[in-house]
Structures are given as C-alpha cells and as structure tokens.
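Working through the structure, step by step
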Amino acid sequence: MMSLVETIRAYLGWCPMKGSMRVDRAVQQLEVAAAPGGRDGPLRTEPGWWNRYHNQLLITAATFSAVAAATFILVEDTLGYPAVWTGLAIGAGGALGFLLGYRKQYARIAAGEFIRANMSRRLRIARDLSWPVALILLAVCMAYFVRSGMFGQILGFMLALSVIGWISYAVTILWERRHRTTLIAEKGSMYTLDTAMRGGEESVWR
C-alpha cells in the first residue's frame, strides 16, 4: 500500500524533502538579496559600532574640537581672534568643498564601487595609504607648530578640521536618513547597509 502511495506521489511531483528544500532556497535568496552594497555572498553579521562611517566622523570631529578647546584654554592670553576667524574660514571652505561633492561620492559608494573586491589596484593602494599619509602629515604639522611656538596656527588648524568634521557628520546623517541606509567603512571597503531591511533599528549613536 505504501509503495503504491509513494509511486503516485512521485508521479505527481511530490517529494518528502520538498518543503525543506523550498525553505533552504528561500533562505539562500534572502541572503543574496540582503548582501549590502550589491555584494555577492551570504548575509554577514551586523557591523560594529566603529564600522558605521558616521560614528568615525563623530569621533574625529569631537577629537579635533577637544584639541582646539584645550589649545585655546592653555594659551588664550597670548592668542588673538585672527587665528580663530582664519580657522573658521578655512573650515567653511573645506566644508563647502565636501558639500559640492558628497552626493556623487556617496552614490558611488552605494553602487558598490568602493568594495575592496571591485576596486582597481591603483584605487586600493590609494585608499590603503590615505589614512597613514594623512596622520603623518598631521603629526608633522603639529610638531612644526609646537616647535616654532605657533600656537595660534594650531588653534586655527584644529578649528578648521573640527568645522569640516562636524558638517561632514551632520550631512552624512541626513543623507543616510533620506536614503534609509547606513554607510559602512571596514577593512578598506565602503558600502551601504539598508536600514529598512533591518527593521529600521539603526540609530546615529549605534
């Protein structure tokens, strides 16, 4: 009797593993669809707090602001307002440059151009060297200013970087909310992670 039933079910296309196979296929499709930034491969774990690009901008801007405040408090008696206004003017100019180009840059990130596997060798090398070179140049400039007693220039420089950092942070947050996505920067790659796909649980502080 059982063999007859199984034969009929086989002819009708029924398989005892059909249900589980359908579930597995659905899970695989979901994983591929959920891969951020157009990446292929299985769904990855949630990025850490630091990997969210706006958090990196937040810490950077806060650090520059703290250094500027410390410099002003320590040497305010010997400083005039020109250094402050010069720093603010330079920062405003840098922020304006960021505002003019961020849409195109973030659109390229969302399109997957800055995923490490998709980068050209030249772009990969440039990105690998960008942060070390920037930190070295910052350290050299700070050492020169301190050695020369140019504390006004230190204050102006830190104010400029602080203005650029805070505006970049605010604009990035607005862009992420508008596009319901989060910029992720990790392991030399930048890509977007869909906020709606994770139930809208994204927060600017997470």
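Scroll up for the structure.
Residues numbered from 1 in each chain as written. Predicted model: local features only at pLDDT ≥ 70, side-chain atom pairs only at ≥ 80, totals over all residues. Heavy atoms only, no water.

Quick notes on the pattern of salt bridges
To keep things clear, this is the line we draw: Think of a salt bridge as a Lys or Arg side-chain nitrogen and an Asp or Glu carboxyl oxygen that are within 4 Å of each other. When accessible area is computed with a 1.4 Å probe and restricted to protein chains, residues below 20% of their type maximum are described as buried, those above 50% as exposed, and intermediate ones as partly exposed. Numbering of helices and strands runs from the N terminus, with a helix taken as a DSSP run of H or I at least four residues long and a strand as a DSSP run of E at least two residues long.
All chains considered together, the criterion is met by two salt bridges. Of the charged contacts in the structure, one is a salt bridge between Arg108 and Glu113, with a shortest N-O distance of 2.8 Å. The partly exposed category is assigned to Glu113, whose relative accessible area is 37%. Between Asp128 and Arg116 there is a salt bridge, with the nearest N and O atoms lying 2.8 Å from each other. Here Arg116 lies in the loop between helix H4 (81-110) and helix H5 (121-147) and Asp128 lies in helix H5, a separation of 12 residues in the sequence.

Details of the environment of Thr71
Considering the arrangement of structural elements, one finds Thr71 in helix H3 (residues 53-75). The exposure class of Thr71 is buried, given its relative accessible area of 12%. The spatial distance from the C-alpha of Thr71 to the C-alpha of Gly156 is 9.9 Å, given a sequence separation of 85 residues.

Regarding the packing of aromatic side chains
Pairs of aromatic rings are described using the distance from one ring centre to the other and the angle between the two planes. Threshold: Ring pairs are drawn from Phe, Tyr and Trp, using the six-membered ring of Trp, whenever the two centres fall within 6.5 Å, and their geometry is named by plane angle: stacked under 30 degrees, edge-to-face over 60, tilted for the rest.
The full count for this structure, using the stated rule, is five aromatic pairs. On the numbers, 5.6 Å between centres and 20° between planes, the contact of Phe98 with Tyr102 is stacked. In this pair, Phe98 and Tyr102 both sit in helix H4, four residues apart, roughly one turn of the helix. Of the two residues, Phe98 and Tyr102, both sit in the buried class. Between Phe98 and Tyr106, the aromatic rings sit 6.4 Å apart at their centres with planes inclined by 70°, giving edge-to-face as the arrangement. Both residues of the pair, Phe98 and Tyr106, count as buried. One aromatic cluster is present, formed by Phe98, Tyr102, Tyr106 and Trp175 through successive ring pairs.

Concerning the packing of H5 against helix H6 (residues 151-179)
Let me state the cut-off plainly: Axis definition: a line fitted to C-alpha atoms, limited for helices to the stretch in contact. Angles are taken between N-to-C directions and run from 0 to 180 degrees. Any angle that falls under 35 degrees is termed roughly parallel, while one over 145 is termed roughly antiparallel, one within 65 to 115 roughly perpendicular, and all others oblique. The contact criterion used throughout is that any non-hydrogen atoms of two residues lie within 4.5 Å. For this classification, the nonpolar set comprises Ala, Val, Leu, Ile, Met, Phe, Trp, Tyr, Cys and Pro, the charged set comprises Asp, Glu, Lys and Arg, and every other residue, Gly included, is treated as polar.
Viewed as axis vectors pointing N to C, H5 and H6 meet at an angle of 150°, and their least axial separation amounts to 9 Å. One finds that H5 runs roughly antiparallel with respect to H6. Within the contact between the two elements, H5 uses Leu138, Cys141, Met142, Phe145 and Val146 and H6 uses Gln153, Ile154, Phe157, Met158 and Leu161. Residue composition of the contact of H5 with H6, grouped by class: nine nonpolar, one polar and no charged.

Looking at the pairing of strand E2 (residues 189-194)
Put simply, the test is: Whether two strands pair comes down to DSSP finding at least two bridges between them.
With five of six residues buried, E2 lies mostly within the body of the structure. Pairing analysis gives six bridges linking strand E1 (residues 181-186) to E2, with the strands arranged antiparallel. Paired with Thr182 across the strands is Leu193, a residue of E2.

Let's talk about the side chain of Asn51
Within the element layout of this structure, Asn51 appears in the loop between helix H2 (18-34) and H3. Judged by relative accessible area, which is 19%, Asn51 ranks as buried. Residue contacts for Asn51: discarding those within four places in its chain leaves Gln56, Leu183, Ile184, Ala185 and Glu186.

Here we look at the nonpolar core
The line we're drawing: To form a nonpolar core, buried Ala, Val, Leu, Ile, Met, Phe, Trp, Tyr and Cys residues must be joined to one another through side-chain atoms within 4.5 Å.
Counting 11 residues, the largest nonpolar core is built from Phe98, Tyr102, Tyr106, Ile109, Phe114, Met119, Val171, Trp175, Leu183, Ala185 and Met190. When contributions to this core are tallied by element, the ones reaching two or more residues are H4, H6 and E1. Per-element tally for this core: the top contributor is H4, with four residues. Ala185 has contacts with Asn51, Tyr53, Gln56 and Met190, leaving out every residue within four places of it along the chain.

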